[in-house]
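What the coordinates show
Each chain, written out:
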Amino acid sequence: MKRQRKSRLRALSGSSVAVSGALLLAACGTSGNAQSSGRSPTAISPATTGAGDIKCGKTATLSASGSTAQEFAMQFWIKNYMRACPGSRIGYEGNGSGDGQTDFLKGRTAFAGSDSALSADQITQSKSVCSDGGKAVHLPMLGGPIAIGYNLPGVKKLVLDAPTLAKIFDSQITKWNDPSIAQLNPGTKLPSTPIRASHRSDSSGTTDNFTAYLSAAAPNAWPYGHSKEWQAKGGQSAKGSSGLVEQVKENVGAIGYAELSHALARDIPTASIATGAAAPVDASVFTASKAMAAATTAGTGDDLVLKLDYATKAPGAYPIDMVTYEIVCDKGNEPASWSATKAFLTYIAGTKGQEDLSFQGYATLPATIVNKVRSKINSLS
């Protein structure tokens, strides 16, 4: 089992498509095996021109899967890397953090994208696919706000807080003119429209982070803790972030949670969050970056799992945020594809890879964290 990764890495489909503009990858699913379920990883055909400041690894074909939160960034990164390194091909399937973790732990992919950290049991499991005594480690690569999108014609500005959100998503508040919502929005005419709360149907790191916020900021109103699988009662569900925002877009009275990049892509209004600071905070890359500046390292040893303060009351700090990771082996990565994988990770963590992503709804991680990521990549094998 130690060397199964090489024999089980998926080949990219011969029908790989060239992508321009924003890329919406396959919505998240619950099946761990992309091939057996009929899904194939999305790849971007390499361009013929180069970008000389990207250092290429040994030519290889590799695949990765996981977080839908990363898909816009992955489109940007893969396009640039493959333009600079036309001999290599990289495919990334946005099948959700849970499936991405499963793919990696079964040796199907070179790395996983995930918005949630592996559990202790999963770290132990990773030793079967990381040879030479290696195990999985987390590389925080991007941050971003989880926006609360809504569909309420005539209501251009909406303020919510953690207890109210917890009760909305637990089917305890069912009308938009509920006194709890009205109290947060004085002067706003709220309709009696039924609330249609939307949550993810698949195993999702976005769900994990959103419920971590509810658990930390409204523990008395949210009894479920946090999980990649939705636990609360009622509501409607949708597959993947793109499916969820589409559901909100199409249904009057709907409300849902998704990465800001997805809300922006579908032009969905988003709520401001009352945190206890002097003023409610809008979801933006700037307000998320302010909150993430207080992130601390929570991983064991030199693993770079981050802990966010979801209950922050700092002025101008948006509290519902997520960190999205790349998960690889600290040693014992697949030799045939590791040179290209390491070169790609080095690029995306570098200055070139991190620039110009804010327009896609991503927030900047603290410089101290990014520097640790770059150092960690150098030590991997």
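The rules behind these values
- Residues numbered from 1 in each chain as written.
- Predicted model: local features only at pLDDT ≥ 70, side-chain atom pairs only at ≥ 80, totals over all residues.
- Heavy atoms only, no water.
- Helix = DSSP H or I, 4+ residues; strand = E, 2+ residues; numbered from the N terminus.
- Polar contact = N/O pair within 3.5 Å; in protein donor to acceptor, adjacent residues only side chain to side chain.
- Contact = heavy atoms within 4.5 Å.
- Disulfide = S-S within 2.5 Å.
- Buried < 20%, exposed > 50% of the residue type's maximum accessible area, 1.4 Å probe, protein only.
- 1 Å grid on protein atoms, 1.4 Å probe; cavity = no way out; pocket = protein on both sides within 12 Å on 5 of 7 lines; lining within 4 Å.
- Points joined across faces, edges and corners; volume = space filled by probe spheres on them.
- Nonpolar A, V, L, I, M, F, W, Y, C, P; charged D, E, K, R; others polar.
- Salt bridge = Lys/Arg side-chain N within 4 Å of Asp/Glu carboxyl O.
- Pairing = 2+ DSSP bridges.
- pLDDT = per-residue confidence, 0-100.

Another aspect to go through is the side chain of T312. Position of T312 among the secondary structure elements: in the loop between β12 (306-307) and β13 (321-329). A distance of 3.2 Å separates a polar atom in the side chain of T312 from the backbone nitrogen of A314. Apart from residues no more than four positions distant in its own chain, T312 is found in contact with T275, A317 and P319.

All right, on to the state of the cysteines then. Using the criterion set out here, one finds 2 disulfides in the structure. Between the sulfur of C56 and that of C85 lies a disulfide, 1.9 Å long from S to S. Of note, the bridge from C56 to C85 carries an S-S torsion of about -90° and is left-handed in sense. Of this pair, C56 sits in the loop between β1 (42-43) and β2 (61-66) while C85 is found in the loop between α2 (71-84) and β3 (89-93), placing the two residues 29 residues apart along the sequence. The exposure class of C56 is partly exposed, given its relative accessible area of 40%. Each disulfide of the protein joins two cysteines, and with those cysteines numbered along the sequence the arrangement is 1-2, 3-4.

Leftover empty space is mapped by rolling, across the atoms, a probe with the size of a water molecule. For the structure shown, the criterion picks out 4 cavities of 30 Å³ or more. Approximately 70 Å³ is the volume attributed to the largest cavity. The element that contributes the greatest number of residues to the lining of the largest cavity is strand β5 (residues 136-150), accounting for 4 residues. Its residues assigned to classes, the lining of the largest cavity shows 6 nonpolar, 5 polar and 1 charged.

With the rule as written, the count across this model stands at 6 salt bridges. D103 is the salt-bridge partner of R108, the closest N and O atoms lying 3.2 Å from each other. D103 carries the same exposure label as R108, and that label is buried. A salt bridge links E246 to R266; the nearest nitrogen and oxygen atoms lie 2.8 Å apart. With E246 in helix α8 (residues 240-250) and R266 in the loop between α9 (260-265) and β10 (272-274), this residue pair connects regions lying 20 residues apart in the sequence.

In strand β4 (residues 111-114), alternate side chains face the same way, and those of F111 and G113 on one face and A112 and S114 on the other are all buried. Bridge count between β4 and β13: 3 bridges; the pairing is antiparallel. Directly across from A112, in β13, lies its bridge partner I327.

The next subject is the confidence of the model for the protein. In the predicted model, the protein carries a mean pLDDT of 86, and 86% of its residues have values of at least 70. In the predicted structure, residues 1-51 sits below a pLDDT of 50 and forms 137 contacts with residues beyond four places in sequence or in another chain.

On to the layout of surface pockets, then. Counted as a void, the largest pocket has a volume near 640 Å³. Lining the largest pocket are 28 residues, with S116, A117, V305, L306 and Y325 sitting closest to its centre. The set of elements that each furnish at least two residues to the lining of the largest pocket consists of α4 (120-126), β5, α7 (205-217), β12 and β13. Grouping the constituent residues of the lining of the largest pocket by class yields 13 nonpolar, 8 polar and 7 charged.

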